[in-house]
Amino acid sequence: MTRHCWFPDNTVLCNLAAVDRLSLLEKVLDGRGRWTQAVAAEAHQSTRHWPHLRQVTADGWLGDPIEIDDPAETALVDRIRRVVFAGSPSRPLQHLGEAETLVVIEHRREFTDSVWITDDGEAGHYARRKGIRVKDTVDIMREAVVDTLVLPAEGHRLLLAMGAADRHLRGVPQRPEDLSLRGRFVL
């Protein structure tokens, strides 16, 4: 049975934590959120900079981290981490979250209908070429606006605040009203 899950990466979690709006992401995910063990570990490490990330684990809305424990999957994760994302052999955690998420979505039948939420442009392009649906932080804000979880002006303000917090987003619309239906795809 395939599950329609949404997998935010740590960068997206940090973006929302930077403006203390992880609860908005939780509402957009609407029970569909999942993460891998490496992304959960990255989020835990990021609590040093963004303490609000603790609420993700505490509230449990991304579920238990999905483990990669099959030797063939582990080898595939490492190959993708090194070859696709140029992860260094001397830094085994570099790009591990991205690689794990891609392997889970692409190779585990129950997650093949899932969406990956990442602001990593290269990783997103690679995933799209593999047929994986990809969203980013701006898309998540569009979802929040369309679902009336936040007004366009507030969504725009939050995206600008993320930028002011030294978070690097692409495609932030110039005007709040541009967060409405334009650019949203229906799943």
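Residues numbered from 1 in each chain as written. Predicted model: local features only at pLDDT ≥ 70, side-chain atom pairs only at ≥ 80, totals over all residues. Heavy atoms only, no water.

**Q** What am I meant to see in the confidence of the model for the protein here?
**A** Do not read the predicted coordinates in detail wherever pLDDT is low. The predicted model of the protein has a mean per-residue pLDDT of 92, with 95% of residues at 70 or higher. Put simply, helix H4 (residues 54–59) is where the protein has its lowest mean pLDDT, 91, and strand E1 (residues 6–8) is where it has its highest, 98. Note that residues 182–187 has pLDDT below 50 and, in this model, 17 contacts with residues that lie over four places away or in other chains. (pLDDT = per-residue confidence, 0-100. Helix = DSSP H or I, 4+ residues; strand = E, 2+ residues; numbered from the N terminus. Contact = heavy atoms within 4.5 Å.)

**Q** Please clarify how the side chain of Ser114 should be interpreted in this entry.
**A** One can find Ser114 in the loop between helix H6 (96–107) and strand E2 (115–117). Of note is the side chain of Ser114, whose polar atom sits 2.9 Å from the backbone oxygen of Phe111. (Polar contact = N/O pair within 3.5 Å; in protein donor to acceptor, adjacent residues only side chain to side chain.)

**Q** Looking at this model, I keep getting lost on a negative patch on the surface. Mind explaining?
**A** Residues Asp64, Glu67, Asp69 and Asp70 make up a contiguous surface patch of negative charge. Tracing the backbone shows Asp64 in the loop between H4 and helix H5 (71–84). In this structure Asp64 comes out as exposed when scored by relative accessible area, which is 64%. (Patch = residues over 30% accessible without salt bridge, like charges linked within 9 Å, V, L, I, M, F, W, Y side chains within 5 Å. Areas by Shrake-Rupley, 256 points an atom, 1.4 Å probe, with all protein chains shown as cover. Salt bridge = Lys/Arg side-chain N within 4 Å of Asp/Glu carboxyl O. Lys, Arg positive; Asp, Glu negative; His and termini not counted. Charge placed at Lys NZ, Arg CZ, Asp CG, Glu CD. Buried < 20%, exposed > 50% of the residue type's maximum accessible area, 1.4 Å probe, protein only.)

**Q** Any chance you could explain the sheet that holds E1 here in plain terms?
**A** The pairing of strands in a sheet happens through backbone hydrogen bonds and is either parallel or antiparallel. Taken in spatial order, the 3 strands line up as E1-E2-E3 in an open sheet, and their pairing is parallel. Bordering the open sheet on either side are E1 and strand E3 (133–135), each of which pairs with just one other strand. Averaged over all pairs of adjacent strands, the angle between their axes in this sheet comes to 25 degrees, without regard to strand direction. Note that E1 and E2 share 3 bridges and pair parallel. If you follow Trp6 over to E2, its bridge partner there is Val115. (Pairing = 2+ DSSP bridges. Axes fitted to C-alpha atoms, helices over the stretch in contact; angles between N-to-C directions.)

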